[in-house]
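Here's the letter readout for the chains.
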Amino acid sequence: MTTLHPDNIMEGKLQSSSKVIVITCNWNAYSGLETAGTERLTYSSSVHPIKVMCLGQISPGIILKAFEKGANGVLMLGCPPGECQFEFGNRRAEEIYKEVKELVALLGYREEQFKLDWIAAREGQTFVDVVGNFVDGLNGSANNDA
Amino acid sequence: MMPEMKEFIDQNRVWYCLDCGKCGAVCPITRYERRDFASPRLLIEKAIHGHTDDVMDDALFWSCLTCKRCSELCPSDVYFSEFLRDTRTLARSFDCSGDCTHSEMVQTWGKIMSDADQKQNRLNWLTDDLQVSEDSDTVYFVGCLPYYDTAFKKMDVEGVEIAQAAVRILNHLGIEPQVLADERCCGHDQLWEGDQETFRTLGQINIENLKESGAKKIITTCPECARTLKIDYPQFIENHGLEVLHLVEFLAAQEFNGDTHLKAAVTYQDACNLGRHLGVYDAPRQIMDDLGFELVEMSRTRNAALCCGTSCWTACGQVSKSIQVERLKEAKATGAETLVTSCIKCQIHFKCAQNDPILGDEIDIEIRDLTTLIADSLMEHG
Ligand code: SF4
Ligand code: SF4
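Residues numbered from 1 in each chain as written. Chains lettered and ligands numbered in written order. Predicted model: local features only at pLDDT ≥ 70, side-chain atom pairs only at ≥ 80, totals over all residues. Heavy atoms only, no water.

Draft legend 1. How the structure looks around the nonpolar core. In this structure, A:I63, B:W109 and B:Y140 are the most contacted members of the largest nonpolar core, which totals 115 residues. Both domain 2 (102–252) and domain 3 (265–381) of chain B contribute no fewer than three residues apiece to this core. The residues contacting B:W109, other than those within four sequence positions of it, are A:L64, A:L103, A:L107, B:C144, B:Y147, B:Y148 and B:A151. B:M5, B:I29, B:Y32 and B:C64 belong to the second-largest nonpolar core, a separate cluster that totals 34 residues. (Core = buried A, V, L, I, M, F, W, Y, C linked by side-chain atoms within 4.5 Å. Buried < 20%, exposed > 50% of the residue type's maximum accessible area, 1.4 Å probe, protein only. Domains from an automatic or database assignment. Contact = heavy atoms within 4.5 Å.)

As C-alpha cells, then:
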C-alpha cells in the first residue's frame, strides 16, 4: 500500500514531467477516487483526474487531444458492467475505447498508454491499485506494488 | 481596416462582389443556411466596411465549403475561397476557429503527426499480396485512409480498401510503388481552416520524406492530398519539383483496357478538389467507360456539381445534411445502382447522411470509390 510518506511525495514530484490523464465517470469510478481521498491513500502525482458525468459521453477526439497536449497515458475508468448509472454508458465507453485504441496505435503510441477499466463504488484501494498499475505500465516497470 | 484584411481583399479581388452577388444563386450554404442570411457578397461587404468581427461572425465564414462553385460562375475572377482561407488565418490569430463536430478528432491526429519525432504505425493495411518497393520512382501517397477507416468503421466506409486497391492496380500495371511509413496528413484541412502553422509543419515533413525517397512521381487517391501537394506545397512551402497526380489522372494516361462487360449503370460525384480545384473531369469518366460501365450523369455535373456538403470536418450540421440529402436524391434520380466518387471524404459524408432512418429508401444508393471499382473490375478479368 502506498502511504503519505515524503519519499512517495518526492517520487511523485520526480515523475511530474510525465502526465497521466485519468478520466472517471461521476458515479462508481469517481466514488472510488473520493474514497481513496478520504482514506488518505496516495497515488502518483503525475495523475491528473478529470471527472465526466458518464464515460460514454467522451468523444474520441477528446482522448486524442490529451495525447496531443503531451499526456503520457490516458486511463478511462467507469462503472462495472451492469452497474452503469445510465444503463448503456459503459457499453458505449467500450465502443469508444475500441475505436480510440486503434487510432492511438496508428499514431504510434504503445498499448500501455491507453486503457479502460472499471471501479466499483467506494473501492478506494482498487482505484489506487488500478491507477498505480497503469502508471507502472507506462514507466515500463512490472507491477511491484505488493 | 486591419492591414492584413486590406491585403486579402486586394489580392483576392473581392471588391467586385460589392456590385454583384450572382453566386448566391448557386452557393449551397446560401441556399440552406436558415439562421442568418449568408452569401459571399454580404460577407465581402462586411469586410470592405472594415468590420472584421462581423466577418468572422458571418454564418458563411466557417461554413463555406471552399467548393469553388461560386468561382465557376463569377464574372469577375474573384478568389472567394482563397479570401476565406486567408482571413481564417487572421481569425486564428485571434483564437477564433470553426466548430468541429468530431471534437477535433481529425485536426488532432493531424497535430500529433506534426511532431517530427512521432513514429506512426500506419502501414498495417499492406497485405502480403501487395507489392511495394523502396526504390520505385513512384510514391503512392496514402493520406489519412487508415485513420478514416478506423474512425468511420461503423459506417462501413472503404478506407484501407482504397489504399489496397490502388497498390493492386499499380501492381497490375507493373509498378511496385513506394509507400512511406513516415507519411503525414497532407495538411489540407489545416490550410483551409487557417491553421497555417500546422499545415506548414506537416508539409515540410512530407516534402523532406518525399525528396528522400528519390521518387519523381506522387500518386494519391485523395483529391485533397493531390491539390495540396501539387498546388499548395509549392506555393506556401517549397517548390519540390515532383509530379503529383490523382490515381485517375494517372490511369487515364495509361494504356488501360479493362475490357469488362459489367454494364452496370453508375453515376459520378465530382469531388470539388479533383474537379473545380484541379480541373480533372474527363479522366474518371473515360476510365468508367473503358471498364464498360454505363455512366448516367446527375443533373448538376462536372464544374456545376454539388459539393458533398462538409469541408475540413468543420461546421457540419443541418446545412450539411440538407446538401447531402439533396445530392443523394439527385444521384438516386439517375436510376443508377451506384454512386461513384474518387474522394474518401465524399464517401464518408454521404454515408453519414444515409444513416437517416426516416429518409431511408429515398437516399439509399450504393456508394463506391472509383479506385476499388477499378481494382474489382481488373481482378475479375485478369
Ligand atoms: S464572388 Fe464573383 S459572383 Fe460571387 S459576388 Fe463576388 S463577384 Fe459576384
Ligand atoms: S466556395 Fe462553395 S460554399 Fe463557399 S461561397 Fe463559394 S459556392 Fe458557397
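Draft legend 2. Highlighting the confidence of the model for chain A. Of all residues in chain A, 84% have pLDDT values of 70 or greater, and the mean over the chain is 87. Overall, residues 141–146 of chain A carries pLDDT values under 50, and its contacts beyond four positions in sequence, including any with other chains, amount to 9 contacts. (pLDDT = per-residue confidence, 0-100.)

Draft legend 3. Region of the structure containing the interface of chain B and chain A. At the junction of the two partners, chain B supplies 20 residues and chain A supplies 16 residues. Between chain B and chain A, a total of about 1,500 Å² is buried, with carbon and sulfur atoms accounting for 59% of that surface. A salt bridge links A:K65 to B:E104; the nearest nitrogen and oxygen atoms lie 2.9 Å apart. Inspection of the chain B/chain A interface yields 6 residue pairs in polar contact (both at pLDDT 80 or more). (Buried area = accessible area lost by both parts, 1.4 Å probe. Salt bridge = Lys/Arg side-chain N within 4 Å of Asp/Glu carboxyl O. Polar contact = N/O pair within 3.5 Å; in protein donor to acceptor, adjacent residues only side chain to side chain.)

Draft legend 4. Quick peek at the site of ligand 1. In the region of ligand 1, the neighbouring residues are B:Y16, B:C17, B:C20, B:G21, B:K22, B:C23, B:C74, B:P75 and B:V78. When the residues that make up the shell around ligand 1 are grouped by side-chain class, the tally is 7 nonpolar, 1 polar and 1 charged. (Near = heavy atom within 4 Å. Nonpolar A, V, L, I, M, F, W, Y, C, P; charged D, E, K, R; others polar.)

Draft legend 5. Main features of the packing of helix α11 (residues 196–213) of chain B against helix α12 (residues 223–237) of chain B. Residue and element names in this part refer to chain B. Where α11 contacts α12, the two axes come as close as 10 Å, and the packing angle between them is 110°. One finds that α11 runs roughly perpendicular with respect to α12. Residues Q196, F199, R200, L202, G203, Q204, N206, I207 and L210 of α11 touch α12, and the partners they reach there are T228, L229, D232, Y233, F236 and I237. The residue makeup of the contact of α11 with α12, split by class, is 8 nonpolar, 5 polar and 2 charged. (Axes fitted to C-alpha atoms, helices over the stretch in contact; angles between N-to-C directions. Helix = DSSP H or I, 4+ residues; strand = E, 2+ residues; numbered from the N terminus. Parallel < 35°, antiparallel > 145°, perpendicular 65-115°, else oblique.)

Draft legend 6. Spotlight on the sheet that holds strand β6 (residues 338–341) of chain B. Residue and element names in this part refer to chain B. A sheet is described by the order of its strands in space; here 4 strands give the open sequence β5-β4-β6-β7, paired in parallel fashion. Of all strands in the sheet, those with a lone pairing partner are β5 (294–295) and β7 (366–369), marking the two edges. Running over the sheet, helix α16 (residues 318–333) touches β4 (265–269), β6 and β7 and is turned about 150° from β4. (Pairing = 2+ DSSP bridges.)

Draft legend 7. Representation of the environment of B:K46 in the model. Residues and elements named next belong to chain B. Tracing the backbone through its elements, the reader meets K46 in helix α3 (residues 40–48). Residues K46 and M56 lie 10 residues apart in sequence; the distance between their C-alpha atoms is 9.5 Å. With near-sequence residues (within four places) excluded, K46 lies in contact with H51, D54, V55 and D58.

Draft legend 8. Here's a closer look at the pattern of salt bridges. Residue and element names in this part refer to chain B. Counting across every chain of the model gives 36 salt bridges over all chains. With a closest N to O distance of 3.1 Å, R368 and E158 form a salt bridge. Of this pair, R368 sits in strand β7 while E158 sits in the loop between α8 (145–151) and α9 (160–172), and the two are 210 residues apart along the sequence. A salt bridge links R300 to E330; the shortest N-O distance between them is 2.5 Å.

Draft legend 9. Just unusual backbone geometry, in detail. All names here are of chain B. Unlike most non-glycine residues, D95 shows phi in positive territory, near 65°. The topology assignment puts D95 in the loop between α6 (80–93) and α7 (105–113). Within the chain, D156 stands out as a residue other than glycine whose phi angle is a positive 60°. Its place among the elements puts D156 in the loop between α8 and α9.

Draft legend 10. Local environment of the side chain of B:Q164. Residues and elements named next belong to chain B. Along the chain, Q164 turns up in helix α9. On the accessibility criterion, Q164 (15% relative accessible area) is buried. In contact with Q164, other than residues within four places in its own chain, are W125, T127 and L130.

Draft legend 11. Expanded view of the side chain of B:H277. Residue and element names in this part refer to chain B. Position of H277 among the secondary structure elements: in helix α14 (residues 273–277). You can call H277 buried: its relative accessible area is 10%. Within the structure, H277 has its side chain in polar contact with the backbone oxygen of T66 (distance 2.9 Å). Those residues in contact with H277 that sit more than four places away from it in its chain are T66, C67, K68, W192, R227, I231 and C272.

Draft legend 12. Here's a closer look at the pairing of strand β3 (residues 73–78) of chain A. All names here are of chain A. For β3, the tally of buried residues reaches 6 of 6 residues, placing the bulk of the element in the interior. Residues G73, L75 and L77 line one face of β3 and the alternating positions V74, M76 and G78 line the opposite face, and both faces are buried. With 5 bridges connecting them, strand β1 (residues 20–25) and β3 associate as parallel partners. Within the sheet, the bridge partner assigned to V22 lies in β3 and is L75. Pairing of β3 with strand β4 (residues 114–118), which is carried by 5 bridges, proceeds in the parallel orientation. Paired with L77 across the two strands is D117, which belongs to β4.

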